[in-house]
Amino acid sequence: MNKEWLRRSIRSFEPYDVPELKEKIIINANESPYNVFDFAEVKADFMASFAETPSFRYPDPFAKKLRAALADYVCCRPEEVLVGNGGDEIISVIINTFLDADDTLLVHAPTFDIYSIDAQIVGAKTVCVNDLPGFKRDREGLLQKVKELQPKVTVICNPNNPTGELLPLSFVEEVVQAAQNIVVVDEAYLEFAGAESIIGKLNKYDNLIVIRTLSKAFGMAGLRVGYAVAQKELIEALSLVKPVYNVSSISQIAALAVMKHSQMILQHNVPPTLAARQYLSEALNALPGVTAYPSATNFLLAQVPDGAAYVKALSEADISVRAYKAAALKNCLRITVTTMEVVKKVAEVFKKEAEYAQGGN
Ligand code: PMP
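Owing to the predicted nature of the structure, the values given are computational and were not obtained by experimental measurement.

(A) A look at the sheet that holds strand β2 (residues 81-84). Spatial ordering of the open sheet is given by β2-β8-β7-β6-β5-β3-β4, a layout of 7 strands whose pairing is mixed. In the strand order of this sheet, the two ends are held by β2 and β4 (125-130), each with one partner. This sheet shows a mean twist of 20° between the axes of neighbouring strands, independent of strand direction. As judged from the 3 bridges shared by strand β3 (residues 104-109) and strand β5 (residues 153-157), these two strands associate in the parallel manner. Bridge pairing links L105 to V153 in β5.

Structure follows, in structure tokens:
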């Protein structure tokens, strides 16, 4: 193919790296270990709606029922919700709604890559404020950059992927207040944080968009449902760009069945994840040369002396974790926290590897 057929902005792109995995234990993408269809109530409600869903009809473009259910869950109005094919599509819609070529996207780094990738596609530039040592956000630096650049879009991922750090709501609000343009607060992992959402402050901010997803705590990654929460006018602006029939009927009815039982699912899924996270964090931090950073999510970022050796040892134990090419994340592994059984296996591999590196056996 002639490369010049491509938009100039994507000619240098590498394909998004989704390696084929041979390991049995896949803990590289922050997925839940729990299947929503294993809840009898969810399955029954889904099957009942499924039987009545005509495949020849387009889905409801406004996902009216689902918006109402999501609004109920996050305590806002249905017109303050926009549903997408995962948070990923919401991010793409936001970038395409607000960024022109040569506009600026401001992010802290490291964070979720998709923001800067989507910005690059539209020809916008990304300015990064690097974390301070220990993967702590540079709060002063971030506030200062917002004031100095007034970027078209600023993103705060809270808690952050891949570091796990949770910022206090008061600081996030300071950023929203300092920005004259859009601030996106990505709360994909909020259910694991035990923290207050900024959605409670929605009425105060006409420049705030919050991203949430059913992929993580609700275990629906395969069905692709995420949503934006913002004041009505912003939702209307995003709706101009959203593909009309974006979320399939099947995804909408599955998400509705899940939201009907949201509290039961959260009570089942979240506490064991938090217990496993604590176990793994303590086990890794007890090892020489290994640091597991504090996390308010369903994953841990661990820094080790030799990342490649740990990835290999884990792979030999049939475990796949996420490793990184970026210099800032050298020797860092992101480990999705699933069940106690799995984290115990992970901890064992780490222990052996750390002992081996110390010259033990
Ligand atoms: N935001 C963050 C911070 C994420 O880590 C992810 C997924 N890894 C998403 C958004 C998008 O998730 P999804 O498209 O599955 O809703």
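(B) Structural context of the pattern of salt bridges. Here the structure, examined in full by the defined rule, presents 17 salt bridges. A salt bridge links D88 to R224; the nearest nitrogen and oxygen atoms lie 3.4 Å apart. Within this pair, whereas D88 is found in helix α3 (residues 86-98), its partner R224 is found in the loop between β7 (208-213) and β8 (226-230), the two being separated by 136 residues in sequence. The class of D88 is partly exposed, set by a relative accessible area of 34%. In this structure, the salt-bridge partner of E187 is R212, at a minimum N-O distance of 3.3 Å.

(C) Main features of the packing of aromatic side chains. According to the stated counting rule, one finds 8 aromatic pairs in the structure shown. For the ring pair F37 and F46, a centre distance of 5.0 Å and an interplane angle of 50° mean the geometry is tilted. Looking at F37, the relative accessible area reads 25%, which means it is partly exposed. Judged by its relative accessible area of 9%, F46 is buried. Taken together, a centroid distance of 5.1 Å and an interplanar angle of 85° make the contact between Y189 and F299 edge-to-face. You can see Y189 sitting in the loop between β6 (182-186) and β7 and its partner F299 sitting in strand β10 (residues 299-303), a full 110 residues away along the chain. Cluster of aromatic residues (ring-pair linked, three or more members): F37, F46 and F50. Over the ring of F171 we find R139, and its NZ or CZ is 5.8 Å from the ring centre. Here the basic side chain of K344 rests over the ring of Y279, its NZ or CZ set 5.5 Å away from the ring centre.

(D) Region of interest: the environment of D88. Separated by 85 residues in sequence, D88 and E173 have C-alpha atoms that sit 24 Å apart. Leaving out residues up to four positions away in the same chain, D88 has contacts with F112, I114, D118 and R224.

(E) View of the site of the ligand. Near the ligand lie 13 residues; those nearest to it are G87, D186, T213, S215 and R224. Within the side chain of N161, an N or O atom sits 2.7 Å from an oxygen atom of the ligand. The separation between an oxygen atom of the ligand and a polar side-chain atom of Y189 is 2.7 Å. Its free accessible area being 400 Å², the ligand has 92% of it covered by the protein chains. Broken down by element, the residue count for the shell around the ligand peaks at 3 residues, all from α3. When grouped by side-chain class, the residues that make up the shell around the ligand number 4 nonpolar, 5 polar and 4 charged.

(F) The sheet that holds strand β13 (residues 332-336), seen in detail. Strand order across the open sheet formed by 4 strands is β9-β10-β13-β12, with antiparallel pairing between neighbours. Each edge of the sheet is formed by a strand with only one pairing partner; in this case those strands are β9 (291-292) and β12 (322-323). For β12 and β13, the ladder comprises 2 bridges, and the chain directions are antiparallel. Across the sheet, residue A323 finds its bridge partner in β13, namely L333.

Conventions and cut-offs
Residues numbered from 1 in each chain as written. Predicted model: local features only at pLDDT ≥ 70, side-chain atom pairs only at ≥ 80, totals over all residues. Heavy atoms only, no water. Pairing = 2+ DSSP bridges. Helix = DSSP H or I, 4+ residues; strand = E, 2+ residues; numbered from the N terminus. Axes fitted to C-alpha atoms, helices over the stretch in contact; angles between N-to-C directions. Salt bridge = Lys/Arg side-chain N within 4 Å of Asp/Glu carboxyl O. Buried < 20%, exposed > 50% of the residue type's maximum accessible area, 1.4 Å probe, protein only. Phe/Tyr/Trp six-rings, centres within 6.5 Å; stacked < 30°, edge-to-face > 60°. Lys NZ or Arg CZ within 6 Å of the ring centre and 35° of its normal. Contact = heavy atoms within 4.5 Å. Near = heavy atom within 4 Å. Polar contact = N/O pair within 3.5 Å; in protein donor to acceptor, adjacent residues only side chain to side chain. Areas by Shrake-Rupley, 256 points an atom, 1.4 Å probe, with all protein chains shown as cover. Nonpolar A, V, L, I, M, F, W, Y, C, P; charged D, E, K, R; others polar.

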